Amino acid sequence: MGEGGAFTFSFDARAYLEAWSANDEVFPTAASSAYNLTFTIDDLEAGANIVTWAPDGPGGSLGTGIVSEIDPFSLNDNVGRNAPFNGTSFRGDSEGVAFVGTWSGTTIPLLANNTYQLTIRSSAEADAREVVALPEPATVALMGLGMLGLGLSRRRRS
């Protein structure tokens, strides 16, 4: 920036999160999803963070170094579903339909001819864990006895 002044972020986004588990799933089956977005501006000459903004919707925190913003919904959120509370958890306008919005944030005035670093960090993740049914101990013992019996009968024939 050769002149100083404020810096304005302005962007559109669509966002949807969903976590689902089938009705017959058992503990510890679990599903989760999350997304995160953060903007930072660091003054490299002063070695200081000037701006940190993680859009988190109306009523969320304003952030550091942001003096005005339009923030229709959170871009830092997560959902989860854990058995035995099966079904669907979501963040969106409705199930299967994403939120859509426009964001804008204006920083405090930045100094002319200073060196700044703008960092935009975005991540999305999903995780699912399903329980694999293991046989009951009595079933395993019965299978073992059956195999032992087969082995002994084969041995007698030899």
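Up top is the structure.
Worth saying up front: this structure is predicted, and the values here are computed from it rather than measured.

Caption draft 1: Expanded view of the nonpolar core. Counting residues in each nonpolar core, the largest one holds 19 residues, and the members touching the most others are Phe-9, Phe-11, Phe-39, Trp-53, Leu-75 and Trp-103. Contributing elements (two or more residues each) for this core: strand E1 (8–15), strand E2 (17–21), strand E3 (30–43) and strand E4 (48–53).

Caption draft 2: Looking closely at the pattern of salt bridges. Inspection of every chain in the model, using the stated rule, returns one salt bridge. For Asp-77, the salt bridge goes to Arg-91, with nearest N and O atoms at 3.0 Å. Of this pair, Asp-77 sits in strand E6 (residues 77–82) while Arg-91 sits in strand E7 (residues 87–91); the two residues are 14 residues apart in sequence, bridging distant segments of the chain. By relative accessible area, which is 33% here, Arg-91 ends up partly exposed.

Caption draft 3: Spatial organisation of the sheet that holds strand E5 (residues 66–70). Pairing is antiparallel in the open sheet, where three strands are placed in the order E1-E8-E5. Single-partner strands in this sheet number two, and they are E1 and E5. On average, each strand axis in the sheet is inclined to that of its neighbour by 20 degrees, with strand direction left out of account. Direction of pairing for E1 relative to strand E8 (residues 99–107): antiparallel, over a ladder of eight bridges. Its bridge partner being in E8, Arg-14 is matched across the sheet by Val-100.

Caption draft 4: Summary view of the packing of aromatic side chains. Overall, the coordinates contain 10 aromatic pairs when judged by the stated rule. Ring geometry for Phe-9 against Phe-39: centres 4.7 Å apart, planes inclined by 45 degrees, an arrangement best described as tilted. Of the two residues, Phe-9 sits in strand E1 while Phe-39 sits in strand E3, which places them 30 residues apart along the sequence. Here Phe-9 and Phe-39 have matching classes, each one buried. Ring geometry for Phe-9 and Trp-53: centres 5.9 Å apart, planes at 50 degrees, overall tilted.

Thresholds applied
Residues numbered from 1 in each chain as written. Predicted model: local features only at pLDDT ≥ 70, side-chain atom pairs only at ≥ 80, totals over all residues. Heavy atoms only, no water. Core = buried A, V, L, I, M, F, W, Y, C linked by side-chain atoms within 4.5 Å. Buried < 20%, exposed > 50% of the residue type's maximum accessible area, 1.4 Å probe, protein only. Helix = DSSP H or I, 4+ residues; strand = E, 2+ residues; numbered from the N terminus. Salt bridge = Lys/Arg side-chain N within 4 Å of Asp/Glu carboxyl O. Pairing = 2+ DSSP bridges. Axes fitted to C-alpha atoms, helices over the stretch in contact; angles between N-to-C directions. Phe/Tyr/Trp six-rings, centres within 6.5 Å; stacked < 30°, edge-to-face > 60°.

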